[in-house]
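Observations on the model geometry
Next come the chains, spelled out residue by residue.
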Amino acid sequence: MSKLERNMAMTGEKPAALSKIQKISSAIGLIGLSILILAIANVNFPDKTLFLSLGLGLISLGTIVFSYDLYKGKQPGIKNDGVWFKSMTSRGLFAWITALGLTFFYIVLYWYPQYLGLNADAANTGIIGLFDPLSKLINGGPASQWFVYGTLYTLAIFIFGYKFIKKYRHNRYEVLRTFSVMFFQLGFAFLIPEILMRLNQPYFNPANIWPLNYDFFAGYNLDSLFSSGTIGMVMFAFGLLSIFVISPILTYKYGKRWYCSWVCGCGGLAETAGDPYRHLSDKSVFSWRVERWVIHSVLVFVTVMTIAVIYSYLGQNPDEFWLTKDVFLWSSAGFLTLVFGLIMLFKRQELAKDAKYAAAGYLVVILAIIGLNYFNYQQDIFIFPSYKLRETYGFLIGAAFSGVIGVGFYPIFGNRVWCRFGCPMAAVLGMQQRLFSKFRITTNGGQCISCGNCSTYCEMGIDVRAYAQKGENIVRSSCVGCGICASVCPRGVLKLENDSLEKRVNSEEVTLGNDTSLMDFIKEKTE
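Below or above, wherever it landed, is the structure these notes cover. (Residues numbered from 1 in each chain as written. Predicted model: local features only at pLDDT ≥ 70, side-chain atom pairs only at ≥ 80, totals over all residues. Heavy atoms only, no water.)

**A look at the overall build of the chain**
- Of the regular secondary structure elements, the chain holds 22 helices and two strands.
- The contacts of the chain with a sequence gap of at least 6 include a subset with a gap of at least 24, amounting to 75%.
- Surface summary for the chain: the accessible area is close to 25700 Å², and the carbon and sulfur share equals 65%. (Helix = DSSP H or I, 4+ residues; strand = E, 2+ residues; numbered from the N terminus. Contact = heavy atoms within 4.5 Å. Areas by Shrake-Rupley, 256 points an atom, 1.4 Å probe, with all protein chains shown as cover.)

Next comes the structure, spelled out in structure tokens:
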């Protein structure tokens with residue numbers, strides 16, 4: 001029987017041994033996991049429905065019972081809980097084994113699904129065959145590797161979401177947004193697309209918005225939507241509205257948190273299954289600089305690729321649309337130039353010097369690629385065919401980065417590697433949040449005791465304490481508004497707010513805590 005935890009030490013202590021209930025629940029979960037592992041090993045179970053139910057049910061039961069027993073004897077509120085004493089959460093042996101195991105699974109899932117039992121010309125075997133009964137129940141057909149992945153992904157968000165809710169039960173905001181990501185993952189990302197397939201309609205996930213959904217403008221997807229009549233056109237219209245209307249309005253009012261922390265499946269998995277690893281995010285200035293260059297380079301890549309794909313599609317179907325490929329090309333160039341010009345005209349004071357140079361450089365690159373294509377009279381952009389650009393992006397970013405590295409290495413790099421460094425949707429929303437949103441995290445520096453909990457738990461690598469110590473609002477494009485910094489603050493220093501744009505950025509210069517020598521900074525300013 002667990003005892004009420006009365007230790008209030010900020011630094012935490014070595015974690016206690018597992019209780020009897022936790023050991024039993026761990027064994028139950030491992031039995032369920034072993035069923036799935038045996039299926040991967042191509043064991044042919046006599047009753048797939050029964051053994052699939054046992055496997056998923058025992059994993060869920062074990063995780064939920066373990067989580068309940070883990071937090072039932074603890075007072076509400078967050079302490080460090082000995083995360084740096086545990087091998088799994090301190091980049092120890094178990095963390096590396098888990099990371100390599102997940103990475104291996106992702107590699108097989110993306111590029112070698114036949115080893116999981118996928119058969120195009122015969123009945124599925126292995127773990128994919130084990131999921132056939134559930135797939136036939138939902139979408140009417142045999143399972144694919146993506147159905148298996150979607151099921152496990154959704155299950156992980158639910159069972160670890162329960163653990164997250166137990167851990168952060170003292171904070172209403174955390175509980176509500178966890179229920180939100182559960183809802184959107186189950187309904188929008190999993191059930192709706194599968195049911196549409198059962199009804200012989202195009203696959204469509206309403207929560208997956210371009211540029212995260214980089215295939216939205218792909219030729220095969222546009223053909224599928226346009227050939228599906230009214231429902232296909234509704235899907236296409238909703239996709240466009242999501243990009244140009246819904247997303248900007250919600251980001252203006254609430255910041256990028258409306259998507260990254262309340263809707264997105266990638267963020268949902270990071271916040272639930274990845275929660276034990278949030279303290280592993282790199283907080284250095286160097287990491288922040290790399291983050292800005294990499295994530296915006298990915299956004300440029302997906303923008304160029306999308307322009308190329310649409311341009312090629314219009315060139316192949318010149319008589320089907322009123323929009324010609326040349327009009328589209330120059331309209332894209334004009335739109336990007338207009339956006340850049342307006343930002344430089346009205347928001348240049350809020351951009352650092354290197355951000356201005358980078359934005360100008362990226363714009364020049366995109367316009368040069370467009371011009372190169374136009375004056376060469378080709379349907380290809382950047383020398384390569386558009387479909388090659390899409391395949392390259394899909395391999396490097398859509399698969400290797402978002403899956404293999406982004407999820408596989410939770411235990412090594414933290415739970416938001418993909419969101420910090422690779423997600424183009426996060427880049428778009430981040431720019432909108434930084435320059436045009438009403439969202440900010442306000443700080444009360446007089447109450448700050450410099451415990452460092454906020455910075456430790458920030459999964460996006462923001463040195464929150466440095467802002468709190470100076471009483472500055474936190475207005476960062478990378479902040480996903482998860483609210484954990486406010487949740488773990490013992491003094492109530494931090495508060496997530498939506499207010500007017502006036503005086504939202506309340507400091508002209510922001511230094512980043514431990515990465516800046518205060519004496520050097522003062523000396524530099526007085527010289």
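Once the structure has been displayed, the description carries forward.
**A few points about the state of the cysteines**
- All chains considered together, the criterion is met by zero disulfides.
- Free of any disulfide, Cys485 has its nearest neighbouring cysteine sulfur in Cys482, separated by 6.3 Å.
- With no disulfide of its own, Cys489 has Cys451 as its nearest cysteine by sulfur position, at a separation of 6.1 Å. (Disulfide = S-S within 2.5 Å.)

**Describing the nonpolar core**
- Core analysis: the biggest nonpolar cluster contains 79 residues, and Tyr259, Ile441, Val464 and Leu494 have the highest contact counts within it.
- Ranked by residue count, the leading element in this core is helix H12 (residues 285-316), at 14 residues.
- Split by domain, the residues of this core number at least three in each of domain 1 (16-74 + 112-195) and domain 2 (438-526).
- When sequence neighbours within four positions are dropped, the list of residues in contact with Ile441 reads Glu472, Asn473, Ile474, Cys479, Cys485, Leu494, Lys495 and Leu496. (Core = buried A, V, L, I, M, F, W, Y, C linked by side-chain atoms within 4.5 Å. Buried < 20%, exposed > 50% of the residue type's maximum accessible area, 1.4 Å probe, protein only. Domains from an automatic or database assignment.)

**Here's the deal with the packing of H12 against helix H18 (residues 424-436)**
- Running from N to C, H12 and H18 cross one another at 105°; their axes reach a closest spacing of 8 Å. Comparing the axis directions of H12 and H18 gives the class roughly perpendicular. For the pair formed by H12 and H18, the contact residues are Ile295, His296, Val298, Leu299 and Val302 on the first element and Pro424, Ala426, Ala427, Val428 and Met431 on the second. (Axes fitted to C-alpha atoms, helices over the stretch in contact; angles between N-to-C directions. Parallel < 35°, antiparallel > 145°, perpendicular 65-115°, else oblique.)

**A word on the packing of aromatic side chains**
- In total, this model carries 29 aromatic pairs according to the counting rule given.
- With a centroid separation of 5.9 Å and an interplanar angle of 5°, the aromatic rings of Phe216 and Phe236 are classed as stacked. Note that Phe216 is positioned in the loop between helix H7 (172-198) and helix H8 (219-226) and Phe236 in helix H9 (residues 229-254), a separation of 20 residues in sequence. Neither Phe216 nor Phe236 differs from the other in exposure class; each is buried. (Phe/Tyr/Trp six-rings, centres within 6.5 Å; stacked < 30°, edge-to-face > 60°.)

**Concerning unusual backbone geometry**
- The amide bond that connects Trp210 to the next residue, Pro211, takes the cis arrangement and shows omega of 10°.
- For Pro211, the location among the structural elements is in the loop between H7 and H8.
- Non-glycine residue Asn42 carries a positive phi angle of around 75°.
- Mapping Asn42 onto the fold places it in the loop between helix H1 (20-40) and helix H2 (48-72).
- At Ser450, a residue that is not glycine, the phi angle is positive and equals roughly 60°.
- Relative to the assigned elements, Ser450 resides in the loop between strand S1 (439-443) and helix H19 (453-457).
- Judged by its relative accessible area of 33%, Ser450 is partly exposed.

**Some details on the pattern of salt bridges**
- The final tally for this structure, using the stated rule, is twelve salt bridges.
- Put simply, Arg420 and Glu291 hold a salt bridge, and the shortest N to O gap is 3.0 Å. Of this pair, Arg420 sits in helix H17 (residues 417-421) while Glu291 sits in helix H12, placing them 129 residues apart in sequence.
- Its relative accessible area of 3% is what places Arg420 among the buried residues.
- Here the salt bridges do not stand alone but share partners, grouping Lys167, Glu174, Arg177, Glu271, Asp275, Arg278, Arg416 and Glu459 into one network. (Salt bridge = Lys/Arg side-chain N within 4 Å of Asp/Glu carboxyl O.)

**Notes on helix H6 (residues 145-167)**
- For H6, which comprises 23 residues, the first-to-last C-alpha distance of 32 Å matches the rise-based estimate of 33 Å (1.5 Å per residue) to within 8%.
- Across the 23 residues that make up H6, a large majority, 17, are buried. (Expected span 1.5 Å × (residues − 1).)

**Let's talk about the packing of H9 against H18**
- It is the contact of H9 with H18, at a shortest axis distance of 9 Å, that shows an interaxial angle of 45°. On the basis of the axis angle, H9 is oblique to H18. When you trace H9 past H18, the crossing you get is right-handed. Along its contact with H9, which presents Ser247, Pro248, Thr251 and Tyr252, the element H18 presents Met425, Leu429, Gln432, Gln433 and Phe436. (Left-handed = near helix turned anticlockwise from the far one by under 90°.)

**Observations regarding a nonpolar patch on the surface**
- A grouping of Phe238, Leu241, Phe244, Val245, Ile246, Ile249, Phe335 and Val339 is seen on the molecular surface, where their side chains present a nonpolar patch of about 680 Å² in accessible area.
- Those elements giving two or more residues to the nonpolar patch turn out to be H9 and helix H13 (325-346).
- The greatest single-element share of the nonpolar patch, amounting to six residues, is contributed by H9.
- Checked against the element boundaries, Phe335 lands in helix H13. (Patch = residues over 30% accessible without salt bridge, like charges linked within 9 Å, V, L, I, M, F, W, Y side chains within 5 Å.)

Keep in mind that these numbers describe shape and distance, not what the molecule does.
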